[in-house]
Amino acid sequence: MKKEEIKFEYESYNDISELDEADAKLVQAARDVTAKAYAPYSNFLVGAAAKLANGEVVMGTNQENASFPVGICAERSLLATAAMLHTNVPIDTLAVSYHNLNGDSSKPVSPCGMCRQALREYEDRTQQPIRLILSGRDGKIIVLEKSTLLLPMSFGGDDMK
Ligand code: THU
């Protein structure tokens with residue numbers, strides 16, 4: 001028997017003022033687009049903004065449904081939009097933020113498991129890691145060099161070969 005370990009590093013910032021201009025712009029876009037979320041059931045408005053390798057910016061927000069599982073997260077709505085508008089163009093950086101109408105919005109958002117899997121598929125498909133910037137409306141910001149750091153030992157297409 002051998003004990004093995006998975007570790008990863010990430011950057012953390014006190015707030016948006018510590019980011020470079022391009023990242024700060026993307027985080028602000030993610031915060032602003034929360035206004036377009038449709039979240040009447042959770043009151044948790046999520047916004048995502050991505051800078052693509054072709055320089056375009058694509059957005060997404062969560063879209064809920066009275067039949068709860070039908071709803072879609074901001075990250076996956078963004079990925080579907082990017083895939084349609086800019087097919088096979090890699091995503092360089094994706095910022096996610098939220099506005100919790102029921103409480104505090106300063107803890108960095110944590111993408112759900114389904115979105116982590118969807119992000120992994122997008123990385124595989126476009127052959128490029130997606131840099132993630134996670135934040136709330138204000139306060140601490142986390143930057144990960146690739147989204148798959150959040151999904152260790154994940155399952156992908158190669159595992160079926
Ligand atoms: N949600 C997202 O859109 N992205 C996340 O990273 C976390 C959760 C949405 C799903 C649901 O509409 C609401 O937030 C509460 O879970």
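Report on the accompanying structure. In this text, all values refer to a predicted model and were calculated from it rather than measured experimentally.

**Remarks on the site of the ligand**
Around the ligand, a shell composed of Ser42, Phe44, Val46, Asn62, Glu64, Cys73, Ala74, Glu75, Val109, Ser110 and Pro111 is seen. Contact distances for the ligand include 2.5 Å between an oxygen atom and a side-chain N or O atom of glutamate 64. Side-chain polar atom of glutamate 75 to an oxygen atom of the ligand: 2.5 Å apart, as the coordinates give it. Look at the ligand: alone it shows 370 Å² of surface, and the protein chains cover 77% of it. If you list the elements that add at least two residues to the shell around the ligand, you get β2 (44-52) and α2 (74-85). Per-class residue counts for the shell around the ligand are six nonpolar, three polar and two charged.

**Overview of the sheet that holds β2**
Read from one edge to the other, the open sheet built from six strands follows the order β1-β6-β5-β4-β2-β3, with strand pairing classed as mixed. The sheet terminates laterally at β1 (11-13) and β3 (57-61), the two strands that pair on one side only. The mean angle between the axes of side-by-side strands here comes to 15°, regardless of whether they run parallel or antiparallel. Both strand β4 (residues 91-100) and strand β5 (residues 131-134) contribute to a ladder of four bridges, which runs parallel. Of the residues in β5, the one forming a bridge with threonine 93 is arginine 131. Against the sheet, α2 touches β2, β3 and β4, its axis set at about 140° to β3.

Quick notes on the rules
- Residues numbered from 1 in each chain as written.
- Predicted model: local features only at pLDDT ≥ 70, side-chain atom pairs only at ≥ 80, totals over all residues.
- Heavy atoms only, no water.
- Near = heavy atom within 4 Å.
- Polar contact = N/O pair within 3.5 Å; in protein donor to acceptor, adjacent residues only side chain to side chain.
- Areas by Shrake-Rupley, 256 points an atom, 1.4 Å probe, with all protein chains shown as cover.
- Helix = DSSP H or I, 4+ residues; strand = E, 2+ residues; numbered from the N terminus.
- Nonpolar A, V, L, I, M, F, W, Y, C, P; charged D, E, K, R; others polar.
- Pairing = 2+ DSSP bridges.
- Axes fitted to C-alpha atoms, helices over the stretch in contact; angles between N-to-C directions.
- Contact = heavy atoms within 4.5 Å.

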